[in-house]
Amino acid sequence: MTDRSDGPIGRLPEHLLVEIFTHLPVCEWVQVACVNKQWANIFQGDCLWQTAIARNWPSAGLRKRWPGPIPRGSARRRFQALYVSENFVPSGGEIDELVGHTYLYLKEQLERPAMPPSSILHGTIIDQFIACGKTGEQAHDLASKIWLAVIDSLEENEQTFLLLKRLAREGELMCFFFHLQFFLPFPYSRSYKVLWRVFDKLFTDFRDCFSGPDYHDALSTAKSRFQPVPSTWLGH
């Protein structure tokens, strides 16, 4: 995209530029922000994001701040959370800003070099939803949907492979503690669907990343949790 700072568009006042930008598809915003310094500053400020929220989710402004460890954040953060809730986490057509914030929180934590134990992350999510009035069953269901959505969003690279292996090993430890009867009660126990998705991505999307011994160790762990295992997981 060429620099338009000296043309008619470049001479428009900022509030009109904000109106134009918020009518563009979200997928083009990164390119628009790279046109010149003025436009980049608009995307770094709150005005554009507040306008975009008001236009796309008018009722979002009525949502009060919630208790719990996951904050609402800036207008830009709120826009990202609302967009995530609408497009990435299935919720029966209902837009829930907190669900989007929880997705962003979990994704960022999983991508940290020193990632906290997944049980701590899961417990934080459960506590957040319960603090906002959800029942244990509702909190568990929402947490599972968010875990699945985040796992599906991860890029196929070495970092994700190592993360999935770690989550699989944590699943093995959870199984061990289960047999010793030292396990977290519902709703803090993590969903089997989430661990299934972890192994499914390992054995399908990352099969070629395994060494022979690592693959057989991972498959042995999977067999201890799931019977029968899918045929697509077999055959390294």
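The notes below deal with the structure included here. (Residues numbered from 1 in each chain as written. Predicted model: local features only at pLDDT ≥ 70, side-chain atom pairs only at ≥ 80, totals over all residues. Heavy atoms only, no water.)

**So, the overall build of the protein**
Stage number 1. Each helix and strand in the protein was counted, giving eleven helices and zero strands.
Stage number 2. Secondary structure elements in the protein, listed N-terminal to C-terminal, are α-α-α-α-α-α-α-α-α-α-α.
Stage number 3. In the protein, buried positions account for 42% of the 236 residues.
Stage number 4. Here the contacts in the protein between residues at least 6 apart in sequence split such that 64% fall between residues at least 24 apart.
Stage number 5. About 13,100 Å² of surface is accessible on the protein, with carbon and sulfur atoms providing 56% of the total. (Helix = DSSP H or I, 4+ residues; strand = E, 2+ residues; numbered from the N terminus. Buried < 20%, exposed > 50% of the residue type's maximum accessible area, 1.4 Å probe, protein only. Contact = heavy atoms within 4.5 Å. Areas by Shrake-Rupley, 256 points an atom, 1.4 Å probe, with all protein chains shown as cover.)

**Considering the pattern of salt bridges**
Stage number 1. Applying the stated criterion across every chain, the model contains ten salt bridges.
Stage number 2. In this structure, Glu-97 and Arg-78 form a salt bridge, with 2.7 Å as the shortest nitrogen-oxygen distance. Here Glu-97, found in helix α6 (residues 97-110), pairs with Arg-78, found in helix α5 (residues 75-87); they are 19 residues apart in sequence, far enough to count as distant.
Stage number 3. Here Lys-165 makes a salt bridge to Asp-214, at a shortest N to O gap of 3.4 Å. Taken together, the positions of Lys-165 in helix α9 (residues 158-179) and Asp-214 in helix α11 (residues 212-225) put the pair 49 residues apart, joining distant regions of the chain.
Stage number 4. By sharing partners, the salt bridges in this structure join Arg-166, Glu-170 and Arg-190 into a single network. (Salt bridge = Lys/Arg side-chain N within 4 Å of Asp/Glu carboxyl O.)

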